[in-house]
Amino acid sequence: MSPSQAALLAWATEAHRDLPWRRTRDPWAVLVSEAMLQQTQVARVVPKYHAFLDRFPTPAACAAASQGEVVTHWAGLGYNRRAVQLHRAATAIVADHAGAVPETLAELLTLPGVGPYTARAVLAFAFEHDAAIVDTNVARVLARRAGRPLRPAEVQAAADAWLPAGAAWAWNQGMLDLGAGRCTPRNPGCATCPVNAGCAWATAGNPDPDPAVGSAGVSGGQSRFEGSDRQGRGRLVNALRRAPVDAADLAAIMGWPRDEARAGRVAAGLVAEGMVVLEDGRFSLAP
């Protein structure tokens, strides 16, 4: 094991955040947590994670429920499409894998809504396989360490090369904590970073431009939510969790009372995605 690997693992033990999904190796629970954590703050996820697993403790339980019920239990997390994809993934797990979350990268990537990050997270955090994950925080660490923006293939290769064999669970948790708590987008804590000695950007004195900006896998920040189509979508889905909505009330409920065309367009998108159905002039969550 290299000095940088040993240093990060030692730091990770001390800095470890006690989160509920870190106390389990249940693949379904890990998959649920990863779906919830996409673009959603940890503090919002914790109570929803417990409640969701109480209602849907297995892929079979989730697959047996209606899509609308799963979307209803997703309330408060945003990005409701993730709930639809998780329900579809559960259905595929039951149909194609006898109800057990698959244990290979290739099989995980066939599940609806499961991309390279989520697949590797399940491998590392549930099965403890040697899989290196790359989210926006990890990608930022890797770009700064390299001292230049990385291309997509380079960032995953860098993550794979730095992963110590047999320590994937602790290593990946440590990398996530490092990016979230030390190697932050603004005002990074380089002085207290456990691996700053090998970081090209820190060694150079943090010159502009920051190599993480524009590097593969590093998020550029979310678009404005207020007044967006996404906000209108969320308002409609929240209303549908309570009861069907008449087409005549659509624009007002979505927050655009004077723009019926926009409301209709955004609602039609939800219908096309299969999250919402329109029957006899009324919108409702898909069964």
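Residues numbered from 1 in each chain as written. Predicted model: local features only at pLDDT ≥ 70, side-chain atom pairs only at ≥ 80, totals over all residues. Heavy atoms only, no water.

An account of the overall build of the protein chain is requested, with residue identities and associated values reported.
Counting its regular elements, the protein chain contains 15 helices and three strands. For 287 residues, the compact-globule estimate of 2.2 N^0.38 gives 19 Å, and the protein chain sits close to it at 21 Å. Each of the three principal axes of the protein chain carries a C-alpha extent, and together these read 65 × 45 × 30 Å. Split into buried and exposed, the 287 residues of the protein chain put 46% on the buried side. For the protein chain, the proportion of contacts with a sequence separation of at least 24, taken over those separated by at least 6, is 62%. As displayed, the protein chain has an accessible area near 13,500 Å², and 54% of this comes from carbon and sulfur atoms. Across the protein chain, 28 positive and 26 negative side-chain charges occur, with their mean positions spaced 6 Å apart. (Helix = DSSP H or I, 4+ residues; strand = E, 2+ residues; numbered from the N terminus. Rg over C-alpha atoms; globule rule 2.2 N^0.38 Å. Buried < 20%, exposed > 50% of the residue type's maximum accessible area, 1.4 Å probe, protein only. Contact = heavy atoms within 4.5 Å. Areas by Shrake-Rupley, 256 points an atom, 1.4 Å probe, with all protein chains shown as cover. Lys, Arg positive; Asp, Glu negative; His and termini not counted. Charge placed at Lys NZ, Arg CZ, Asp CG, Glu CD.)

An account of the environment of glycine 68 is requested, with residue identities and associated values reported.
With respect to the helices and strands, the residue glycine 68 is situated in helix α5 (residues 67-73). Judged by relative accessible area, glycine 68 falls into the buried class, the value being 10%. Sequence-wise, glycine 68 and alanine 83 are 15 residues apart; in three dimensions their C-alpha atoms are separated by 9.3 Å. Non-local contacts of glycine 68, meaning those with residues more than four positions away in its chain, are made with Leu285, Ala286 and Pro287.

Which residues make up the packing of helix α2 (residues 27-37) against helix α8 (residues 116-125), and what are the values?
Contact geometry for α2 and α8: axes closest at 9 Å, N-to-C directions at 140°. The element α2 and its partner α8 pack so that their crossing is right-handed. Here α2 contributes Val30, Leu31 and Glu34 to the contact with α8, which in turn contributes Tyr117, Thr118, Ala121, Val122 and Phe125. Here the contact of α2 with α8 is composed, by residue class, of six nonpolar, one polar and one charged. (Axes fitted to C-alpha atoms, helices over the stretch in contact; angles between N-to-C directions. Left-handed = near helix turned anticlockwise from the far one by under 90°. Nonpolar A, V, L, I, M, F, W, Y, C, P; charged D, E, K, R; others polar.)

Go over the pairing of strand β2 (residues 276-279), please, and point to the residues and values.
Successive residues of a regular strand alternate their side chains across the two faces of the sheet. As paired elements, β2 and strand β3 (residues 282-285) share four bridges and run antiparallel to each other. Across the sheet, leucine 278 pairs through a bridge with phenylalanine 283, a residue of β3. Here β2 folds back onto β3 in antiparallel fashion, the turn holding two residues, of which aspartate 280 has a positive phi close to 55°. (Pairing = 2+ DSSP bridges.)

A description of the packing of aromatic side chains should follow, citing residues and the corresponding values.
The geometry of an aromatic ring pair comes down to the distance between the two centres and the angle between the two planes. Throughout the structure, instances matching the rule amount to four aromatic pairs. Measuring from centroid to centroid gives 4.8 Å for phenylalanine 52 and phenylalanine 56, while their planes differ by 55°, and the two rings are tilted. Here phenylalanine 52 falls in the buried class, since its relative accessible area comes to 0%. Judged by its relative accessible area of 0%, phenylalanine 56 is buried. Taking the centre distance of 5.9 Å and the plane angle of 85° together, the rings of phenylalanine 52 and tryptophan 74 count as edge-to-face. With phenylalanine 52 in helix α3 (residues 42-55) and tryptophan 74 in the loop between α5 and α6 (81-97), this residue pair connects regions lying 22 residues apart in the sequence. Cluster of aromatic residues (ring-pair linked, three or more members): Phe52, Phe56 and Trp74. (Phe/Tyr/Trp six-rings, centres within 6.5 Å; stacked < 30°, edge-to-face > 60°.)

So, the side chain of arginine 233: which residues are in play, and what are the values?
Locating arginine 233 in the fold gives a position in helix α13 (residues 229-242). By relative accessible area, arginine 233 is classed as buried at 17%. Sequence-distant contacts of arginine 233, defined by excluding residues within four places in its chain, comprise Arg81, Met254, Val266, Leu270, Glu273 and Met275.

So what's going on with the nonpolar core? Residues and values would help.
Counting residues in hydrophobic clusters, the biggest one holds 87 residues, and the most contacted among them are Trp28, Phe52 and Leu142. Excluding anything up to four places from it in sequence, leucine 142 contacts Val134, Leu150, Val155, Ala158, Ala159, Trp162 and Met175. (Core = buried A, V, L, I, M, F, W, Y, C linked by side-chain atoms within 4.5 Å.)

Could you give me a rundown of the pattern of salt bridges, with the residues and numbers involved?
With the rule as written, the count across this model stands at 13 salt bridges. The partner of arginine 262 in a salt bridge is aspartate 229, with the nearest N and O atoms 2.8 Å apart. In this pair, arginine 262 sits in helix α15 (residues 260-273) while aspartate 229 sits in helix α13, placing the two residues 33 residues apart along the sequence. Given a relative accessible area of 26%, aspartate 229 falls into the partly exposed group. A salt bridge links aspartate 246 to arginine 282; the shortest N-O distance between them is 2.9 Å. (Salt bridge = Lys/Arg side-chain N within 4 Å of Asp/Glu carboxyl O.)

I'd like a rundown of the state of the cysteines, residues and numbers included.
Summed over all chains, the structure comprises zero disulfides. No disulfide involves cysteine 190; its nearest neighbouring cysteine sulfur is the one of cysteine 199, lying 6.2 Å away. (Disulfide = S-S within 2.5 Å.)

Describe in detail the pairing of β3, supporting the description with residues and values.
Residues Phe283 and Leu285 line the buried face of β3, whereas the alternating positions Arg282 and Ser284 sit on a face that is not buried. Summarising the sheet, strand β1 (residues 245-246) and β3 pair through two bridges and their orientation is antiparallel. In the strand pairing of β3, valine 245 is matched with phenylalanine 283.

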